Amino acid sequence: MANGTKQITTSDIRKKKEAGIPITMMTAYDFPSAKLVEEAGVDMILVGDSLGMVVLGYDSTIPVTMEDMVHHTKAVTRAAKRAFVVADLPFLSYHGTVEEGVKNAGRLMQEGLAKAVKMEGGQELAPLVTRCVQAGIPVVGHIGLTPQSVHQLGGYKVQGRDLEQAQRLLEDALALQAAGIFAIVLECVPEEVTGMIAKKLDIPVIGIGAGVTCDGQVLVFHDVVGYASSITPKFVKRYADIGETIREAVAGYAQDVEKRSFPAPEHVFRASEETIKQLYGEGVATK
Ligand code: KIV
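Every value quoted in this text rests on a predicted model; they were computed, and no experiment measured them.

**Topic: the overall build of the protein chain**
Working step 1: Within the protein chain, the secondary structure is distributed over 12 helices and eight strands.
Working step 2: Across its three principal axes, the protein chain shows a C-alpha extent of roughly 90 × 40 × 40 Å.
Working step 3: Going through the 287 residues of the protein chain one by one, you find that 46% of them count as buried.
Working step 4: By sequence separation, contacts in the protein chain at least 24 residues apart represent 58% of the contacts at least 6 residues apart.
Working step 5: Of the charged side chains in the protein chain, 29 are positive and 35 negative; the average position of the first set lies 4 Å away from that of the second.

**Remarks on the domain arrangement of the protein chain**
Working step 1: Domain boundaries in the protein chain define domain 1 (10–240) and domain 2 (245–280).
Working step 2: A C-alpha centroid distance of 46 Å is found between domain 1 and domain 2.

**As for the state of the cysteines**
Working step 1: Applying the stated criterion across every chain yields a total of zero disulfides.
Working step 2: The thiol of C188 is not disulfide-bonded; the next cysteine sulfur, from C214, is found 12 Å away.
Working step 3: Accessibility expressed as a relative area gives 9% for C188, which makes it buried.

**Describing the UniProt feature "binding site: 3-methyl-2-oxobutanoate" (unreviewed entry) in the protein chain**
Working step 1: UniProt's entry tags D49, S50, D88 and K118 with the feature "binding site: 3-methyl-2-oxobutanoate" (unreviewed entry), counted in the numbering of this structure. Despite a sequence span of 70 residues, these residues sit close together in the fold, their greatest C-alpha distance being 12.4 Å.
Working step 2: One can find S50 in the loop between β2 (44–47) and α3 (51–54).
Working step 3: For S50, the side chain forms a polar contact with the side chain of Y29, separated by 2.7 Å.

**Some points on the site of the ligand**
Working step 1: The ligand sits among T27, L46, G48, D49, S50, D88, K118, H142, V185, E187, I208 and V220.
Working step 2: At 2.5 Å, a side-chain N or O of S50 approaches an oxygen atom of the ligand.
Working step 3: Protein chains shield 95% of the accessible area of the ligand, which is 260 Å² for the free molecule.
Working step 4: Its residues assigned to classes, the shell around the ligand comprises four nonpolar, four polar and four charged.

**Considerations on the packing of aromatic side chains**
Working step 1: As enumerated under the stated definition, the model contains two aromatic pairs in all.
Working step 2: Centroid distance F84 to F182: 5.6 Å. Interplanar angle 70°. Geometry classified as edge-to-face. Here F84, found in strand β3 (residues 84–88), pairs with F182, found in the loop between α8 (163–179) and β6 (183–187); they are 98 residues apart in sequence, far enough to count as distant.
Working step 3: Aromatic side chains Y253 and F262 sit 6.0 Å apart centroid to centroid with 65° between the ring planes, which places their arrangement in the edge-to-face category.
Working step 4: Residue class for F262 comes out partly exposed when judged on its relative accessible area of 34%.

The rules behind these values
- Residues numbered from 1 in each chain as written.
- Predicted model: local features only at pLDDT ≥ 70, side-chain atom pairs only at ≥ 80, totals over all residues.
- Heavy atoms only, no water.
- Helix = DSSP H or I, 4+ residues; strand = E, 2+ residues; numbered from the N terminus.
- Buried < 20%, exposed > 50% of the residue type's maximum accessible area, 1.4 Å probe, protein only.
- Contact = heavy atoms within 4.5 Å.
- Lys, Arg positive; Asp, Glu negative; His and termini not counted.
- Charge placed at Lys NZ, Arg CZ, Asp CG, Glu CD.
- Domains from an automatic or database assignment.
- Disulfide = S-S within 2.5 Å.
- UniProt positions renumbered as here; feature names shortened; annotations may be inferred.
- Polar contact = N/O pair within 3.5 Å; in protein donor to acceptor, adjacent residues only side chain to side chain.
- Near = heavy atom within 4 Å.
- Areas by Shrake-Rupley, 256 points an atom, 1.4 Å probe, with all protein chains shown as cover.
- Nonpolar A, V, L, I, M, F, W, Y, C, P; charged D, E, K, R; others polar.
- Phe/Tyr/Trp six-rings, centres within 6.5 Å; stacked < 30°, edge-to-face > 60°.

Below is the structure:
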């Protein structure tokens, strides 16, 4: 890059798996969160469609549109100079024709400037993955608990608990790897199943609620920093409570305004003595 920042690439991410170095990934949805995540040194930023829930206030990711994803991806990529930015394809944007899926994936890269796209689903996505990769679009898979299918799955439940489900996850992961994905997210899966899948795959497996036996971890920014996220799933570790810090700061501001102790003299601009005299006449207080 012109400013000397070394951008993380798909090959850096693959090398981390080969070297046994855990890959760090976190979501971000706007310029300030992406800037903070990048400054913290995280390898990969995911513009997750979880933005529907943590930023837009929906109760699932289903209402999120391509326009929402492009808009938020643009903001994130303006901040991320080093981290590898992956953007989610939202609900139904890749379930029509392969051409439509490639076109939408291309929009996240061409308009949003993402470096890769992520899509939820198993081996049925193989033809789309192959076409995207042929078109130069790196793809991350996402299996296990796939939130866009929450109503079909009957809720946000752990997946792959029995042998049949675990084998199905492995088959999906292998088929997607053969189709060309360069990494895969495994969500809400027993740790033992994760370990088996991570061992059988050459590509990095990034877990969320999938234990420590994979090649990296991803969490939602708002959950990690405690930013107005009401539910804390078992697999989340909260490292801060910025929601409380923000609430206290805003309440302090509101109290100061009500008491007229804000703005204080140091926050106020002053007119010249001459102008004050002309405005108010001699001896008239400015307050
Ligand atoms: O949308 C999202 O944030 C995700 C993560 C949960 C992996 O897909």
